[in-house]
Amino acid sequence: MIELFSDTGMAEIERFVDADTLFAFDLDGTLAPIVDDPTAIELPGPVLRSLTTLSRLAVTAVITGRSRNDALAKLGFQPRYLVGNHGMEGLPGVARPQQELQGQVAGWHQQLNRLLAPQILSGTIFEQKGCSLSLHYRHASDPRLVHAGLLAAIEHLEPTPRRVGGKFVENLLPQGAPHKGDALLQLMAHSGCSKALFVGDDETDEDVFRLHDPRIFSICVGTERTSAADFHLRDQADMARTLEHLINLIRSL
Ligand SMILES: [Mg+2]
């Protein structure tokens, strides 16, 4: 990965961005810093101001693991597109998640209640998001133990979910449902944008990075994880600077 704010990174982004570029972002850990209480996330002032400006100048999208309603309440600005549930919710042209998917997710929740030992269960916060289920263990007294217990139980779930790990979270998604990479391609097709720039920080964002699509400029926030992205920011604090730079690039077109 190349650091975005290096000579090479700056030259590449300048060469890439044009009037046909869609700008898409993950939310937690990307636009907003991760905080202890996930319900308390907030976009820093400079990020919010720049996103509001960027959304007037270009097509913007937020693609998040949160449900759409939850994300809408946290954002404070209106992107052209807001896709929730890791790519499954709010895609234009795609029917609302079917009851069958939601039934699958509710079924996993019930099975986990039976499968998990009391000390694992008590260290886990279940977040049922309609068509996906997130298991948070950030606040467990022994997160490693709880994580191991969760992984063992997930093996027994039926039907087998697609499991995507994150920071102190395991996300369970229905097999074959659209992921963030599918969602971004769909948004490009829907908006008529021939290119996209995507910034994300987490395992679910790798579904975009792994496309290795030359039409997508991929940026990973942070360097502690191995990532298939081409470029990286040092940390989330560089996000405001990135947005400012994008606005300057668009204005100079
Ligand atoms: Mg994230």
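Summary of the structure given here.

So, how was this worked out
Residues numbered from 1 in each chain as written. Predicted model: local features only at pLDDT ≥ 70, side-chain atom pairs only at ≥ 80, totals over all residues. Helix = DSSP H or I, 4+ residues; strand = E, 2+ residues; numbered from the N terminus. Rg over C-alpha atoms; globule rule 2.2 N^0.38 Å. Buried ≥ 20, exposed ≤ 12 C-beta atoms within 10 Å, placed from the backbone. Pairing = 2+ DSSP bridges. Axes fitted to C-alpha atoms, helices over the stretch in contact; angles between N-to-C directions. Core = buried A, V, L, I, M, F, W, Y, C linked by C-beta atoms within 7 Å. Contact = placed C-beta atoms within 7 Å.

### Notes on the overall build of the protein chain
Move 1: Assigned secondary structure in the protein chain consists of 9 helices and 11 strands.
Move 2: Here the C-alpha radius of gyration of the protein chain, 18 Å, is about what a compact globule of 253 residues would show, namely 18 Å.
Move 3: Dimensions along the principal axes, computed over C-alpha positions, put the protein chain at roughly 60 × 40 × 30 Å.
Move 4: For the protein chain, the residues scored as buried account for 43% of the 253 residues in total.

### Details of the sheet that holds strand β5 (residues 125-128)
Move 1: Pairing within the open sheet is antiparallel, and its 4 strands lie in the order β5-β6-β8-β7. On the outer flanks of this sheet lie β5 and β7 (162-166), each paired with one strand and no other. With strand direction ignored, the average angle separating the axes of adjacent strands in the sheet is 20°.
Move 2: Strand direction decides the pairing type here: β5 and strand β6 (residues 133-136), joined by 4 bridges, are antiparallel. Note on β6: the bridge partner recorded for I125 is H136.

### Describing the pairing of strand β10 (residues 216-221)
Move 1: Among the 6 residues that make up β10, 6 are buried, leaving the element largely enclosed by the rest of the structure.
Move 2: Alternating residues of β10 divide into I216, S218 and C220 and F217, I219 and V221, and every residue in both groups is buried.
Move 3: Where strand β9 (residues 195-200) lies against β10, 5 bridges are found, and the strand directions are parallel. Considered in β10, the bridge of G200 is made with C220.
Move 4: Sheet topology note: the β10/strand β11 (residues 231-233) ladder contains 3 bridges and is parallel.

### Some words on the nonpolar core
Move 1: The biggest cluster of nonpolar side chains holds 45 residues, and the ones touching the most others in it are L22, A24, L184, A196, F198 and I219.
Move 2: Setting aside residues up to four positions removed in sequence, A196 forms contacts with T21, L22, A24, L184, M188, R215 and I216.
Move 3: Among the nonpolar cores identified, the runner-up in size contains 19 residues, and L116, L133, Y137 and A177 belong to it.

### Let's talk about the environment of L57
Move 1: Relative to the helices and strands, L57 is located in helix α2 (residues 45-57).
Move 2: Contact partners of L57, with chain neighbours within four places excluded, come to I247 and I250.

The values are spatial; any link to function lies outside them.
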